[in-house]
Amino acid sequence: MPARDIAIIGYAQTPSQRDAIQSEVQLLVGTITDAVTMAGIERREIGFTCAGSCDYLTGGPFAFVSNLEAAGSWPPISESHVEADGAFALYEAWMRLQEGDIDIALAFGSGKSSPSNPAEVWAQQLDPYYLAPLGADPVSLAAIQARALLDAGRATERDFAEVVARSRAQAASNPNAQLSGAVDVDALLAAPYHTAPLRRHDLPPISDGAAAVIMARGDKARELCSRPAWIRGMDHRIDPHQPGVRDITTARSATTAAKKAGYDGGPLDVAEVCATFSPQEIILREALGLPEGTQINPSGGPLAGNPVMAVGLVRVIEAAARIIGGSADRALAHATAGPLLQQNLVCLMEGE
Amino acid sequence: MTERCAVIGIGQTHFKKRRDDVSMPGLLREAIDRALEDAELSIGDIDAVVIGKAPDAFEGVVMPEIFLADAVGATGKPLLRVHTAGSVGGSTFIVGAHHVITGIHDRVLAVSWEKQSEGNAQWGLAGGRSGGIGAGGAFAPWIRAYIEESGAPEYIGWMVAVKDRRNAAKNTYAHLKMPDITLETVKESPMLWDPLRFHESCPSSDGACAVVLTNQAGARRSSKPAAWIDALSVRSELGQFPGRNPVRPQAGVECAHDVYRQAGITDPRREIDMAELYVPFSWYEPMWLEGHDIAGPGEGWKMVDSGETDIGGAFPVNPSGGVLSTNAIGASGMVRFAEAAMQIRGTAGEHQIDGVRTSLAQAYGGAAQYFAMGIFRSS
């Protein structure tokens, strides 16, 4: 069995911004520095670093290479990179810590969506033989998913709007949110469709941003943090790619990942889920088995700020922050990748 | 508690300039099926899949593992994508091994690939912009610096090229097989990036490499010999800053010392029986022999000159033909690890070295700034 005594002891994130002036490296420099400061460590104490980013967002190869500058890679560091959200970098670093030869690891994720057109970039993630030629973009696919949910009688357009209204209201207390404030559900429903049955507010904003997390093992975590967010389990799973061969009104791999991460359906204080489109929160609530009374996306979630490649790691940070801050004892964080919740990661955390 | 990790299955595609006969999923499946057959397992026995490749710009698909999930047998399982530039195949192998060493999973499939004919690698390397100098253009100045510092004769590079292309002729899966190549052939080939001539440069290949990794219990169930992992390490450093030594990057030195320490090796040249080093341009063979402290300063080229790195030599390097003969970039690092493990298992066929008990695998990437290394043993 893998070691279970690994905890989050430091974190930082940039605000989600529509068009950040800083480069991706610049976004990361301050973020990693802040996470290291919060953890109360020296950089040289970090035994392993893992980064998450996406070449295509920058329109070039090896985008992550320049991010090494922010990771402080001189003298040389033990480091790896995933072409994925920072939450998957967190998974690799968490795994690496379990080997027991190092005590502290850093994971970070970063991305700038503003320089490109996300609808064009992410259409290139689809099967190049059968799907990409159709030119389907994430919003069109999400609209198909929303329609399937409506047709199955599992949600109404009002339910979608209620997710958005709650997200915006909860984001009011999140200084990093891009969209926040009180909105009226009826006013939302009066807005025209963007891509039916989705309205503009059902879509995430386009965001730039970065996030970083410091983890430590056992006594080191206790020494550095008065109330670490202990990672009780973490797992990720992937579903078949073709939307036509899976039930897009659910996310089977999210269900599996939650079980494998050790989530038993018991009480949760907080769940931060990567519902990039409002109907996906309804899908994830069921797929993850979140009980009544769980506070979902107190940060506002991706609908309030969607820094791609960091947004999943931000979910982990928002959940961990509430444990470290003492307002939650048990929290679940979720990240996703691929079209229509194809790949899902779950991180289950608890206080002492 | 950690587990010992072993390689029990290895599969490679036939590498070619264009594999028009298969799609991207078909290419990966070719390597995976061979690895599973070697491991006497089926895809259902695999707990998790780790996949690596170099920039997505090469094939023009964003995070292609997302659509490849079905083809690589990952549905319902964890699938993790690694990308650490040219070292990615080595890094992917190492991340796969961590899944087993930590006890999180029992049987892990690690697969690395590139289908460079889907796009244009030079264009991809340049980020879709014009004026790219190519990898050779980036490395040539450092190679010139090595020649200047070491006083190595010009023909050393040609010797490496002749050795690797002749070795490749013994390797079923290699891309460029030139059994009759001579120093003259290399010398007469066009100059690409001074001092690198055409035959001293790697090709652009399509291909994939897959390995099945397991723990002690899993290795016991296999009827074939396993290659045991005794050391793994990765190191990264910035690609450029004042005072950097790009000829002998510190990350490469530290990565090597880390694997020697883990494996209890104090004299790598004597204690390691063979090595698969990432040599995309001929001169990188002596440069890494020195850069990883296998040879002393200025001694690497003499190992080449004396034939010590030949198949019959005291320290054979790249009996597979190496990256110089086969370079599907994302796969190349994993091929180094797979070939070093094959030498331990005695399954390398015509390019098998007799009596290999300790082997070294190395991959590097970026501006010679990413390193992934491993040491295999027979028990």
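Values in this document were obtained by computation on a predicted structure and should not be read as measured data.

Peer 1: Please explain the overall build of chain B as it appears in this structure.
Peer 2: On a plain count of helices and strands, chain B comes out with 14 helices and eleven strands. At 19 Å, chain B has a C-alpha radius of gyration in line with the 21 Å of a compact globule built from 379 residues. Principal-axis analysis of the C-alpha atoms gives chain B an extent of 55 × 45 × 45 Å. Sorting the 379 residues of chain B into buried and exposed places 66% on the buried side. Within chain B, counting contacts between residues at least 6 apart in sequence, those at least 24 apart form 78% of the total. Of the roughly 11900 Å² of accessible surface on chain B, 49% is carried by carbon and sulfur atoms. If the 35 positive side-chain charges of chain B are averaged to one point and the 45 negative ones to another, these points end up 2 Å apart.

Peer 1: It is not clear to me how the domain arrangement of chain A should be interpreted in this structure. Could you clarify?
Peer 2: A common way to express how large an interface is: the accessible area buried when the components associate. All names here are of chain A. Its domain assignment divides chain A into domain 1 (6-117 + 206-228) and domain 2 (123-205 + 231-350). At the interface, 43 residues of domain 1 touch 35 residues of domain 2. For the domain 1 and domain 2 pair, buried surface summed over both sides reaches about 3000 Å², with 65% attributable to carbon and sulfur atoms. When the buried surface of domain 1 facing domain 2 is broken down by residue, Gln13, Phe88 and Arg227 rank first, second and third, together holding 23% of it. Linking domain 1 to domain 2 there are one salt bridge. Along the contact surface separating domain 1 from domain 2 lie 13 residue pairs in polar contact (both at pLDDT 80 or more). Among the elements of the structure, strand S1 (6-13), helix H4 (86-97), strand S4 (104-112) and strand S7 (208-217) are those that each provide at least two residues to the side of domain 1 that touches domain 2.

Peer 1: Looking at this model, I keep getting lost on the domain arrangement of chain B. Mind explaining?
Peer 2: Residues and elements named next belong to chain B. Domain annotation of chain B identifies domain 1 (6-121 + 204-229) and domain 2 (130-203 + 231-377). For domain 1 versus domain 2, the separation of C-alpha centres amounts to 22 Å. Where domain 1 abuts domain 2, roughly 3000 Å² becomes buried across the two surfaces, and 69% of that area is made up of carbon and sulfur atoms. Ranking the residues of domain 1 by area buried against domain 2 places Gln12, Phe15 and Ile94 at the top, with a combined share of 19%. Across the domain 1-domain 2 interface, the total number found is one salt bridge. For arginine 345, the salt bridge is made with aspartate 38, and the minimal N-O distance between the two is 2.8 Å.

Peer 1: Would you mind going over the pairing of S1(A) with me for this structure?
Peer 2: The side chains of a regular strand alternate between the sheet's two faces. Residues and elements named next belong to chain A. Burial runs high along S1: eight of the eight residues are buried. Note: S1 against strand S8 (residues 229-238), three bridges, orientation antiparallel. Its bridge partner being in S8, isoleucine 8 is matched across the sheet by alanine 229. Bridge analysis of S1 against S7 gives seven bridges, and the strand direction is antiparallel. Bridge pairing in S7 links alanine 7 to alanine 216.

Peer 1: Sorry, what's going on with the pattern of salt bridges here?
Peer 2: Opposite charge on two side chains makes pairing possible when the charged atoms of those side chains draw close. All names here are of chain B. Considering all chains together, one arrives at 44 salt bridges over all chains under this definition. One salt bridge connects glutamate 30 with arginine 34, and the closest N-O pair in it is separated by 3.3 Å. With glutamate 30 and arginine 34 both in helix H1 (residues 24-39) and four residues apart, this pair spans about one turn of that helix. A residue is classified by how much of its surface remains accessible, and glutamate 30, at 16% relative accessible area, is buried. A relative accessible area of 26% means that arginine 34 is categorised as partly exposed. What you see here is one network of salt bridges that share partners, running through Lys53, Asp56, Glu59, Glu65, Arg81 and Glu114.

Peer 1: Would you mind showing me how to read the packing of H4(A) against helix H3 (residues 88-101) of chain B here?
Peer 2: Geometry of a packed helix pair, given as the angle between the helix axes and the separation of the axes. Interaxial distance between H4(A) and H3(B) falls to 9 Å at its minimum, and their mutual angle equals 55°. Considering their axes alone, H4(A) and H3(B) lie oblique with respect to each other. Crossing handedness for the pair H4(A) and H3(B): left-handed. Within the contact between the two elements, H4(A) uses A:Tyr91, A:Glu92, A:Met95 and A:Arg96 and H3(B) uses B:Val95, B:His98 and B:His99. For the contact of H4(A) with H3(B), the class distribution of residues is three nonpolar, two polar and two charged.

Peer 1: Where do I start with H3(B) in this structure?
Peer 2: Since there are 3.6 residues in each turn of an α-helix, residues three or four apart along the chain are aligned in direction. Residue and element names in this part refer to chain B. Helix length check: H3, at 14 residues, gives a terminal C-alpha distance of 19 Å against a target of 20 Å (1.5 Å per residue), a fit within 8%. Here H3 lies mainly inside the structure; 14 of its 14 residues are buried. Positive backbone phi, approximately 80°, marks glycine 103, located one or two places after H3.

Peer 1: Please explain the interface of chain B and chain A as it appears in this structure.
Peer 2: Residue-level contacts link 52 residues of chain B with 53 residues of chain A. Counting each side, the surface lost to burial between chain B and chain A is near 4400 Å², with a carbon and sulfur contribution of 65%. At the surface where chain B touches chain A, the tally comes to zero salt bridges. The interface formed by chain B and chain A contains 14 residue pairs in polar contact (both at pLDDT 80 or more). Elements represented by at least two residues in the side of chain B that touches chain A include exactly H1, helix H2 (65-68), strand S3 (79-82), H3, helix H4 (121-125), strand S8 (227-236) and helix H9 (250-263) of chain B. With five residues, H3(B) is the single largest residue contributor to the side of chain B that touches chain A. Split into classes, the residues belonging to the side of chain B that touches chain A amount to 25 nonpolar, 18 polar and nine charged.

Peer 1: Explain the packing of helix H7 (residues 157-171) of chain A against helix H11 (residues 278-288) of chain A to me, please; I cannot follow it from the model alone.
Peer 2: Residues and elements named next belong to chain A. Between H7 and H11, the least distance of the axes is 8 Å, while the angle of their chain directions is 95°. What the angle tells us is that H7 and H11 run roughly perpendicular. On H11, the residues that touch Asp159, Phe160, Val163, Val164 and Arg166 of H7 are Ser278, Pro279, Glu281, Ile282 and Arg285.

Peer 1: It is not clear to me how empty space enclosed by the protein should be interpreted in this structure. Could you clarify?
Peer 2: Sizing a probe to match a water molecule and rolling it over the atoms shows the empty space that remains. Summed over the entire model, instances satisfying the criterion amount to five cavities of 30 Å³ or more. Size it by volume and the largest cavity reaches roughly 90 Å³. In terms of residue count, helix H12 (residues 311-324) of chain A provides more of the lining of the largest cavity than any other element does, three residues in total. Taken together, the residues that form the lining of the largest cavity break down as four nonpolar, eight polar and two charged. Looking at the second largest cavity, its volume works out to about 80 Å³. A:Glu83, A:Ala84, A:Phe88, A:Gln125, A:Ala337, A:Gln343, B:Met63, B:Glu65, B:Ile66, B:Leu79, B:Leu80 and B:Arg81 are the residues that line the second largest cavity. For the lining of the second largest cavity, the secondary structure elements donating two or more residues are H2 and S3 of chain B. The element that contributes the greatest number of residues to the lining of the second largest cavity is S3(B), accounting for three residues. Among the residues forming the lining of the second largest cavity, the class breakdown is seven nonpolar, two polar and three charged.

Peer 1: How should I be thinking about the side chain of A:Ser80 in this particular structure?
Peer 2: Within the element layout of this structure, A:Ser80 appears in strand S3 (residues 79-82). If sequence neighbours within four positions are ignored, A:Ser80 has contacts with A:Phe48, A:Thr49, A:Cys50, A:Ala51, A:Glu92, B:Val82, B:Thr84, B:Ser91 and B:Val95.

Thresholds, definitions, all that
- Residues numbered from 1 in each chain as written.
- Chains lettered and ligands numbered in written order.
- Predicted model: local features only at pLDDT ≥ 70, side-chain atom pairs only at ≥ 80, totals over all residues.
- Heavy atoms only, no water.
- Helix = DSSP H or I, 4+ residues; strand = E, 2+ residues; numbered from the N terminus.
- Rg over C-alpha atoms; globule rule 2.2 N^0.38 Å.
- Buried < 20%, exposed > 50% of the residue type's maximum accessible area, 1.4 Å probe, protein only.
- Contact = heavy atoms within 4.5 Å.
- Areas by Shrake-Rupley, 256 points an atom, 1.4 Å probe, with all protein chains shown as cover.
- Lys, Arg positive; Asp, Glu negative; His and termini not counted.
- Charge placed at Lys NZ, Arg CZ, Asp CG, Glu CD.
- Domains from an automatic or database assignment.
- Buried area = accessible area lost by both parts, 1.4 Å probe.
- Salt bridge = Lys/Arg side-chain N within 4 Å of Asp/Glu carboxyl O.
- Polar contact = N/O pair within 3.5 Å; in protein donor to acceptor, adjacent residues only side chain to side chain.
- Pairing = 2+ DSSP bridges.
- Axes fitted to C-alpha atoms, helices over the stretch in contact; angles between N-to-C directions.
- Parallel < 35°, antiparallel > 145°, perpendicular 65-115°, else oblique.
- Left-handed = near helix turned anticlockwise from the far one by under 90°.
- Nonpolar A, V, L, I, M, F, W, Y, C, P; charged D, E, K, R; others polar.
- Expected span 1.5 Å × (residues − 1).
- 1 Å grid on protein atoms, 1.4 Å probe; cavity = no way out; pocket = protein on both sides within 12 Å on 5 of 7 lines; lining within 4 Å.
- Points joined across faces, edges and corners; volume = space filled by probe spheres on them.

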